[in-house]
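Here are the chains, one letter per residue:
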Amino acid sequence: MHNHTWQTRLTQRLSNQREAGLWRDRPLMTSAPAARVQVNGKWLISFASNDYLGLAADASLAAEALALNADAGLGGSSASHVLAGHHLPHHLLEDELADWLGVERVLLFSSGYLANLAVQTAFMQQGDRLIHDKLNHASLIDGALLSGVNFKRYPHNNMAALARRLLQPNACLTMVVTDGVFSMDGDVVNLPAMLDALADKDVLLVVDEAHSFGVLGEQGRGSFSHFKRKAKPNVLRVGTLGKAFGSSGAFVAGSGLLIDTIAQFARSYRYTTAQPPYQASFTRAALRRVQQGDHLRAHLNRLITHFRAGAKALGLTLMPSLTPIQPILLNDNARAMRWQQQLWDAGFWLPAIRPPTVPEGTARLRLSICANHTIEQIEQLLLELQKCQIKDGYGINH
Ligand SMILES: *Cc1c(COP(=O)(O)O)cnc(C)c1O
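Keep in mind the model is a prediction, meaning the values are calculated, not measured.

Reading the values: the criteria
- Residues numbered from 1 in each chain as written.
- Predicted model: local features only at pLDDT ≥ 70, side-chain atom pairs only at ≥ 80, totals over all residues.
- Heavy atoms only, no water.
- Near = heavy atom within 4 Å.
- Polar contact = N/O pair within 3.5 Å; in protein donor to acceptor, adjacent residues only side chain to side chain.
- Areas by Shrake-Rupley, 256 points an atom, 1.4 Å probe, with all protein chains shown as cover.
- Helix = DSSP H or I, 4+ residues; strand = E, 2+ residues; numbered from the N terminus.
- Nonpolar A, V, L, I, M, F, W, Y, C, P; charged D, E, K, R; others polar.
- Domains from an automatic or database assignment.
- Contact = heavy atoms within 4.5 Å.
- Buried area = accessible area lost by both parts, 1.4 Å probe.
- Salt bridge = Lys/Arg side-chain N within 4 Å of Asp/Glu carboxyl O.
- Buried < 20%, exposed > 50% of the residue type's maximum accessible area, 1.4 Å probe, protein only.
- Axes fitted to C-alpha atoms, helices over the stretch in contact; angles between N-to-C directions.
- Parallel < 35°, antiparallel > 145°, perpendicular 65-115°, else oblique.
- Left-handed = near helix turned anticlockwise from the far one by under 90°.

## A closer look at the site of the ligand
- The environment of the ligand is formed by 13 residues, the closest being Gly-112, Tyr-113, Asp-208, His-211 and Lys-243.
- Gly-112 has a polar backbone atom sitting 2.7 Å from an oxygen atom of the ligand.
- Between the ligand and Lys-243, the relevant distance is 2.6 Å, taken from an oxygen atom to a side-chain nitrogen or oxygen of the residue.
- For the ligand, whose accessible area on its own is 380 Å², the fraction buried by protein is 80%.
- If you tally residues by element for the shell around the ligand, the top one is helix H4 (residues 112-121), at 3 residues.
- Of the residues in the shell around the ligand, the class split is 2 nonpolar, 8 polar and 3 charged.

Okay, structure coming up:
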């Protein structure tokens with residue numbers, strides 16, 4: 001039988017993917033997204049979710065959301081924000097997010113991916129340049145590529161290198177882009193040094209606070225609050241609502257001039273359907289929990305401290321992270337896969353992260369610790385990690 005070119009091509013690419021060990025399966029969740037979840041039929045303690053404050057499956061939150069939603073319905077929004085899709089819950093949520101952060105304006109998106117395309121494509125024109133941290137999230141990289149302008153990267157969190165890049169003259173617009181908390185390492189952007197480097201420069205700054213809003217700072221206000229800095233009018237912050245908010249969607253926060261530009265010129269804002277109004281009502285209820293969530297953040301920090309102390313005592317290699325993202329460096333891809341499997345069999349879900357998601361030779365297990373975990377679960381996990389070490393004869397503290 002004769003194969004068409006497209007069949008031969010696709011079959012070849014898929015089998016290469018399998019042979020390289022890069023095939024991605026989708027674990028099937030058959031329970032609510034809580035600390036204990038049923039995955040592919042097996043109950044596990046999950047350290048795989050980004051629901052940092054444990055809000056996603058909170059029953060009373062859903063009830064509050066329904067009350068706030070009033071007559072907005074449970075279906076879709078029916079159109080883009082600039083046509084018939086901008087409903088009252090969206091509008092109220094934007095105002096409440098702006099008040100929480102103390103910014104002029106907030107613009108809601110249906111995902112962080114789309115927001116990260118928008119914050120770059122809306123501003124960049126021919127001759128402009130984008131300067132990124134080397135470890136920025138994939139969605140920020142895609143936004144840079146889609147912008148089609150000069151795109152440069154500096155070594156991770158190296159503000160001296162950023163300052164050197166800024167010395168190169170540029171007649172047009174410059175935008176510096178960074179994660180607030182880096183998604184695979186868990187470390188925080190060196191914001192004080194960055195703001196010093198940018199102080200007398202004519203630049204825009206974008207900070208992606210996907211893993212910092214809700215988690216860091218007073219009332220969960222993110223990296224600027226964490227470092228006790230104010231965001232000036234040249235700063236745009238991107239927040240995602242699918243992580244610490246336990247909801248879905250994203251938003252961009254900043255001055256009126258910046259937000260108007262995005263609303264007028266970002267194609268990923270205009271040419272997509274607004275998120276369902278009920279989703280915005282859920283986020284409104286979640287925002288109150290985030291603001292009043294000091295006890296959740298205190299518990300989260302106790303869990304993080306407990307895990308780090310225990311893992312260090314075992315001799316495991318951690319990364320310099322004080323956030324819920326706690327990678328255990330195992331370096332070798334096969335070892336990361338073995339440990340993931342052994343932990344899974346023992347009832348713990350810790351995803352193995354391998355290249356190309358992280359640099360070659362830095363395969364790791366990536367824990368995300370959430371406020372609905374308990375100290376006992378961390379203790380149990382540490383015991384199982386010790387069993388992995390003994391079985392593997394690796395990283396044992398003598
Ligand atoms: C998750 C994530 C995004 C994407 O947000 P979504 O709402 O999931 O599309 C963007 N940036 C970072 C750093 C993220 O971790």
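That shown, we press on.
## Section: the domain arrangement of the protein chain
- According to the domain assignment, the protein chain consists of domain 1 (27-53 + 294-392) and domain 2 (64-291).
- Relative placement of domain 1 and domain 2: their C-alpha centres are 28 Å apart.
- Taken together, the 20 residues of domain 1 in the interface contact 19 residues of domain 2.
- Across the interface of domain 1 and domain 2, roughly 1500 Å² is buried in total on both sides, 60% from carbon and sulfur atoms.
- When the buried area of domain 1 at its contact with domain 2 is split by residue, Tyr-52, Arg-297 and Thr-323 rank highest and sum to 32% of it.
- For the pair domain 1 and domain 2, the number of links is 1 salt bridge.

## A closer look at the pattern of salt bridges
- This structure, assessed with the given rule, holds 11 salt bridges.
- Among the salt bridges present, the one from Asp-58 reaches Arg-289, with a minimum N-O distance of 3.0 Å. Pair noted here: Asp-58 is in the loop between strand S2 (42-46) and helix H2 (59-69) and Arg-289 is in helix H11 (residues 277-291), with a separation of 231 residues, a long-range link.
- Among the salt bridges present, the one from Arg-105 reaches Asp-260, with a minimum N-O distance of 3.0 Å. One end of the pair, Arg-105, is in strand S3 (residues 105-109); the other, Asp-260, is in helix H9 (residues 256-265), and 155 residues separate them in sequence.
- For Arg-105, a relative accessible area of 32% puts it in the partly exposed group.

## Topic: the packing of helix H13 (residues 333-345) against helix H14 (residues 375-392)
- Interaxial distance between H13 and H14 falls to 10 Å at its minimum, and their mutual angle equals 130 degrees. With respect to their mutual orientation, H13 and H14 come out oblique. In this structure, H13 meets H14 at a crossing whose hand is right-handed. Listed contacts from H14 to Arg-335, Arg-338, Trp-339, Gln-342 and Leu-343 of H13 are Leu-381, Glu-384, Leu-385, Lys-387, Cys-388, Gln-389, Lys-391 and Asp-392.
- Its residues assigned to classes, the contact of H13 with H14 comprises 5 nonpolar, 2 polar and 6 charged.

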